[in-house]
Amino acid sequence: MVEEQREYLDLFLSLGKAMLESGAEIFRVEDTISRLFQAYGMNDLEIFAIRSLIVVSARDGQGHSYTSTKRIYEVGIHMGRLEELNQLSRWICAQRPDAQEINRRLQACIRAESLSARESLFGYMLAAFSFSCFFGGRLRDGAGGAFLGLLLFFMDRRLAPKCPQRLVYIVFASMVLGSFAMLLGCLPLEFQPDKMMIGTIMLLIPGMAFMNSMRDMLSNNEINGLFSCLDTLLTAGAIAIGFAVPLLIGGA
Amino acid sequence: MQFTDLLTEVLVTALGSLAFGIVYKVKRNRLPAVAAGGGIGWMIYRLLFLAMENIFLSNMGATLFATVYSEMLARKKKAPVVVFLLPCLIPLVPGGGLYYAMSWMVRRDVQQAMSYLGKACEAALGIAAGILLVSVIIHRNRTA
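The structure presented is a predicted model; accordingly, all values stated were derived computationally and were not measured.

Turning our eyes to something else, we now look at the overall build of chain B. The secondary structure content of chain B amounts to six helices and zero strands. Along the chain direction, N to C, the helices and strands of chain B fall in the order α-α-α-α-α-α. For 144 residues, the compact-globule estimate of 2.2 N^0.38 gives 15 Å, and chain B sits close to it at 16 Å. The proportion of buried residues among the 144 residues of chain B is 49%. For chain B, restricting intrachain contacts to residue pairs at least 6 apart in sequence, the fraction spanning at least 24 positions comes to 62%.

Have a look at this one:
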């Protein structure tokens, strides 16, 4: 019995961790974990989550207590997976399946890749294209922006995993993108480097961290709200520094 | 401002929201809703800005719409709110302001830089205020 409860504890925490890593807000993670435990008859609960850690301590009817923690290293954005995990947790609460079944479905959720690389690449290019045009560029600036979006896509995939300091990566990526924009601007095609750069800046700006930080602060998670807010400010600074370098060299 | 200008802008923002939906790996069948939300949100921002010339209030108004829209969709489709909210709000993010603040700073024109930075902050605060306002109302409903 005790072993079984431990298994559930571990699985529910893994589910919470997977949700956080896909970009869920703190209150959703805490809420989901507590619903899961309650569905399995553990009502005496203490749950604490921040962006980098989840701690749960639960007590069952017999007075056994269980504690476990999960450390989260990187938060990404994967809305499709978040939705799947959310549905899985609803299903678990309603059906109360055994640990093996939960584990099987959880692994399937985490492994499933809802979009192919080609589709993601298309998304990057389309985003850079439309925001280059949106901020006053012409179609050709949009095309230039799409090219920078393509560059950013490959840097995000190949380079970012190798760079342990995220902020350093962002400064570097911004420098590369800014330089290419300036180079394109030198071509006799009348590109506007600023419009192309803004298009890609939209891809780099941590909009999610900012919005989640607002939502976290309001649901009594000021600690996490502050973390995310600071993260947003630092990232915005890193982007500005990165793009400033080619501008200084190019003499804008 | 011409009606056709507004229409083009709305279409471009809808496209941008759709693209961000893909980048954020939103499920395919949610993408049309996301694109529509982004486009309508921007239209509201634009009309409010024409009427009031106030960055803070226009952003807040557009965010109010995006948040209510996402909350409603989320309830209907039984999906987390962020799935819809993030891509819908993307067009409001002041990327241009941040860029021009930086570029004036590089040119040592602190006054221009501060003006752009101020506008960017005003927009960000407006978005935050919109999100806060809606969640206060919704939270009250939940506890009552």
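Another aspect to go through is the nonpolar core. One finds Ala127 and Ala128 of chain A together with Leu85 and Leu89 of chain B to be the most contacted residues of the largest nonpolar core, which totals 115 residues. Look past the residues within four positions of leucine 89 of chain B in its chain and what remains in contact with it is Gly207 and Met211 of chain A together with Thr63, Ala66 and Ile127 of chain B.

Over its 29 residues, helix 10 (residues 222-250) of chain A extends 42 Å from the first C-alpha to the last, a length consistent with the 42 Å expected when each residue adds 1.5 Å. All buried positions along helix 10 of chain A are accounted for by Asn224, Gly225, Ser228, Thr232, Ala236, Ala238, Ile239, Ala240, Gly242, Phe243, Pro246 and Leu247 of chain A. Residues of helix 10 of chain A that are buried in the fold lie against helix 2 (26-39), strand 1 (44-50), helix 7 (166-186), helix 8 (193-204) and helix 9 (207-218) of chain A together with helix 5 (95-106) of chain B.

Residues and elements named next belong to chain B. Packing of helix 2 (residues 31-52) against helix 3 (residues 55-77) brings their axes to within 8 Å, and their N-to-C directions diverge by 155°. On the basis of their axis angle, the class for helix 2 and helix 3 is roughly antiparallel. Here the hand of the crossing between helix 2 and helix 3 comes out right-handed. Between helix 2, through Ala33, Gly37, Ile40, Gly41, Trp42, Ile44, Tyr45, Leu48, Phe49 and Met52, and helix 3, the contact on the second element is made entirely by Leu57, Ser58, Asn59, Gly61, Ala62, Phe65, Ala66, Tyr69, Ser70 and Leu73. Taken together, the residues of the contact of helix 2 with helix 3 break down into 14 nonpolar, six polar and no charged.

Residues and elements named next belong to chain A. Position of glutamate 21 relative to the elements: it lies in helix 1 (residues 2-22). Under the C-beta neighbour-count criterion, glutamate 21 is labelled buried, with 20 such atoms within 10 Å. Taking C-alpha positions, glutamate 21 is 27 Å from glycine 41, a pair spaced 20 residues apart along the chain. Dropping the residues within four chain positions of it, glutamate 21 is found in contact with Ile72, Glu74, Val75 and Gly76.

Residue and element names in this part refer to chain A. The assigned domain composition of chain A is domain 1 (2-111) and domain 2 (117-250). Here the C-alpha centroids of domain 1 and domain 2 sit 33 Å apart. Opposite the seven residues of domain 1 that make contact, domain 2 presents 10 residues. A per-class count over the side of domain 1 that touches domain 2 returns four nonpolar, one polar and two charged.

Here we come to unusual backbone geometry. Apart from glycine, the bulk of residues carry a negative phi angle, and the bulk of peptide bonds sit in the trans form. Residue and element names in this part refer to chain B. The residue lysine 25 is not glycine, and still its phi comes out positive at about 60°. One can find lysine 25 in the loop between helix 1 (3-23) and helix 2. Accessibility expressed as a C-beta count within 10 Å gives 23 for lysine 25, which makes it buried. Even without being glycine, arginine 108 reaches a positive phi, approximately 60°. Within the secondary structure, arginine 108 sits in the loop between helix 5 and helix 6 (110-143). Taking the C-beta count within 10 Å as the criterion, arginine 108 has 8 such neighbours and is therefore assigned exposed.

Right, let's get into the sheet that holds strand 2 (residues 53-59) of chain A. Residue and element names in this part refer to chain A. Spatially, three strands are ordered 1-2-3 in an open sheet, and the strand pairing comes out antiparallel. The open sheet has two edge strands with one neighbour each: strand 1 and strand 3 (65-71). For this sheet, the mean angle separating the axes of adjacent strands, direction not counted, is 5°. As paired strands, strand 1 and strand 2 are joined by seven bridges and run antiparallel to one another. For isoleucine 47, the partnering residue across the bridge sits in strand 2 and is valine 56. In this fold helix 1 packs onto strand 1, strand 2 and strand 3, with an angle of close to 30° to the strand it touches most, strand 3.

In this assembly, 33 residues from chain B lie in contact with 45 residues from chain A. Sorting the residues of the side of chain B that touches chain A by element identifies helix 1, helix 4 (82-89), helix 5 and helix 6 of chain B as the ones contributing at least two each. Considering each element in turn, the side of chain B that touches chain A owes the most residues, eight residues, to helix 1 of chain B. Split by residue class, the side of chain B that touches chain A holds 24 nonpolar, six polar and three charged.

Next up on the list: helix 8 of chain A. For helix 8 of chain A, which comprises 12 residues, the first-to-last C-alpha distance of 17 Å matches the rise-based estimate of 16 Å (1.5 Å per residue) to within 8%. The buried count for helix 8 of chain A comes to 12 of 12 residues, which makes it a mostly enclosed element. Considered for burial, the residues of helix 8 of chain A that qualify are Pro193, Asp194, Lys195, Met196, Met197, Ile198, Gly199, Thr200, Ile201, Met202, Leu203 and Leu204 of chain A. The inward-facing, buried residues of helix 8 of chain A abut helix 5 (117-134), helix 6 (139-159), helix 7 and helix 10 of chain A together with helix 1 and helix 5 of chain B.

Time to look at the pairing of strand 3 of chain A. The two faces of a sheet get side chains in turn, since along a regular strand they alternate between them. Residues and elements named next belong to chain A. Little of strand 3 sits out of view: just zero of its seven residues are buried. With seven bridges connecting them, strand 2 and strand 3 associate as antiparallel partners. Residue pairing for strand 3: valine 55 is matched across the bridge by threonine 69. Here strand 2 hands over to strand 3 after five residues, with glycine 63 in that stretch at a positive phi of 90°.

Criteria and thresholds
Residues numbered from 1 in each chain as written. Chains lettered and ligands numbered in written order. Predicted model: local features only at pLDDT ≥ 70, side-chain atom pairs only at ≥ 80, totals over all residues. Helix = DSSP H or I, 4+ residues; strand = E, 2+ residues; numbered from the N terminus. Rg over C-alpha atoms; globule rule 2.2 N^0.38 Å. Buried ≥ 20, exposed ≤ 12 C-beta atoms within 10 Å, placed from the backbone. Contact = placed C-beta atoms within 7 Å. Core = buried A, V, L, I, M, F, W, Y, C linked by C-beta atoms within 7 Å. Expected span 1.5 Å × (residues − 1). Axes fitted to C-alpha atoms, helices over the stretch in contact; angles between N-to-C directions. Parallel < 35°, antiparallel > 145°, perpendicular 65-115°, else oblique. Left-handed = near helix turned anticlockwise from the far one by under 90°. Nonpolar A, V, L, I, M, F, W, Y, C, P; charged D, E, K, R; others polar. Domains from an automatic or database assignment. Pairing = 2+ DSSP bridges.

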